[in-house]
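Here is what each chain is made of, one letter per residue.
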Amino acid sequence: MEYVAVIGAGTMGNGIAHTFAQSGFKVHLIDVNMDALEKGVQTITTNLNRMVAKEKITDQQKEDTLKNINLFTSMKAGVKDTNLVVEAATENVALKLKIFKDLDEACPKTTILATNTSSISITQIAAVTSRPEQVIGMHFMNPVPLMKLVEIIRGYNTSDAVTSTIMALSKTLGKAPVEVNDYPGFVANRILMPMLNEAIETLYNGVAGVHEIDTVMKLGMAHPMGPLQLADFIGLDVCLSILNVMYDGFKNPKYAPCPLLVNMVMAGKLGVKSGEGFYDYSQNKKAEIISKQFLN
Ligand code: NAD
């Protein structure tokens, strides 16, 4: 593989670029926003420095990883002779359909087009291209350099050969790929999101407070983080949008987002990224409990 093109240099895109580059792949990291590219490289550098400090990699490996990454603001220039694209742009259906249509025109006919979408149908994305058998979901987990799982999602038309190639490639990145089919939420979010939504509903119904709900799940179920704090980390807007995709896709009320989640997103309380969600993250506070009542 000559080089891998990664579209989007945000939270996931820079982690994906880091992971490929550290495994020896040349990477073209592409974003419409130059600031996002610069910030992405800063994040990769900080994460590599941390790995050097922990003696997980050497200084030379850090330098080699950074040298493997080239930055592009033009998608056309960045993908023109790649054999694999991993798209990790903003989670928005119209945007992804446009990107895949453009990729189909700009990339060689043999290029595999993968998407890191959390919830959008792979089959729908593939349908705007002339190569639906070469479109596949490659759903990395956050933070990408540390998390082992990659959910490999087969669209309705994804070929066996492309699935095998992407499964094998994921293993060469040191990841544990798991093959799943393309239905709303795939596997990871289909199971995770109803649990997070139920934790929010439990709070909304006044059964217990934020601290109590998270403590029950941490100490009782050995979860490393409580569900409300995890929702804050993922982003409450992201959780809402994934629940809406499942609610629309299955037409089943069990996926209906809790009204408290909807209200918090409308109020701009998105979790860590906005400084407040179920916990307070403002001024470097680390998940302090908010005294606010979240009751129904
Ligand atoms: P983000 O907002 O941090 O980054 C998105 C980046 O895409 C931004 O830098 C933006 O400038 C760029 N972008 C937008 N339009 C573009 C275009 N046309 N061409 C190139 N770049 C463009 O988002 P994120 O959290 O990294 O999420 C990216 C994808 O990964 C989404 O599909 C999301 O569902 C998925 N995902 C996110 C997580 C997570 O925990 N954040 C986990 C798994 C999967």
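Refer to the structure presented above.
Values in this document were obtained by computation on a predicted structure and should not be read as measured data. (Residues numbered from 1 in each chain as written. Predicted model: local features only at pLDDT ≥ 70, side-chain atom pairs only at ≥ 80, totals over all residues. Heavy atoms only, no water.)

**Brief notes about helix H7 (residues 160-172)**
Working step 1: For H7, spanning 13 residues, the distance from its first C-alpha to its last is 19 Å, which sits close to the expected 18 Å at 1.5 Å a residue.
Working step 2: Here H7 has its buried residues at Val162, Thr163, Ile166, Met167, Leu169 and Ser170. Seen along its axis, H7 keeps its buried residues to an arc of 165°; they face one direction. Facing away from the buried side of H7 by more than 90 degrees, the exposed set consists of Asp160, Ala161, Lys171 and Thr172.
Working step 3: On its buried side, H7 packs onto helix H1 (11-22), strand E4 (84-87), strand E5 (112-115), strand E6 (135-140), strand E7 (149-154) and strand E8 (176-181).
Working step 4: Two residues or fewer past H7, Gly174 is found with a positive phi of approximately 85°. (Helix = DSSP H or I, 4+ residues; strand = E, 2+ residues; numbered from the N terminus. Expected span 1.5 Å × (residues − 1). Buried < 20%, exposed > 50% of the residue type's maximum accessible area, 1.4 Å probe, protein only. Arc of directions from axis to C-beta. Contact = heavy atoms within 4.5 Å.)

**A word on the pattern of salt bridges**
Where charged atoms from two side chains of opposite charge approach closely, those side chains can pair.
Working step 1: Following the criterion strictly, the structure yields 9 salt bridges and no others.
Working step 2: With a shortest N-O distance of 2.6 Å, Glu87 and Lys96 are connected by a salt bridge.
Working step 3: A relative accessible area of 0% means that Glu87 is categorised as buried.
Working step 4: Take Lys96: its relative accessible area is 1%, and that puts it in the buried class.
Working step 5: Ionic pairing is found between Glu91 and Lys96, a salt bridge with its closest N-O pair at 3.7 Å. (Salt bridge = Lys/Arg side-chain N within 4 Å of Asp/Glu carboxyl O.)

**Notes on the site of the ligand**
Working step 1: In the vicinity of the ligand lie 22 residues, with Met12, Asp31, Glu91, Lys96 and Ser118 positioned nearest.
Working step 2: Measuring from an oxygen atom of the ligand, one finds a backbone N or O atom of Ala89 at 3.4 Å.
Working step 3: At 2.5 Å from an oxygen atom of the ligand is found a side-chain nitrogen or oxygen belonging to Glu91.
Working step 4: Considering the ligand on its own, with 840 Å² of exposed area, one finds that the protein chains cover 79% of that surface. (Near = heavy atom within 4 Å. Polar contact = N/O pair within 3.5 Å; in protein donor to acceptor, adjacent residues only side chain to side chain. Areas by Shrake-Rupley, 256 points an atom, 1.4 Å probe, with all protein chains shown as cover.)

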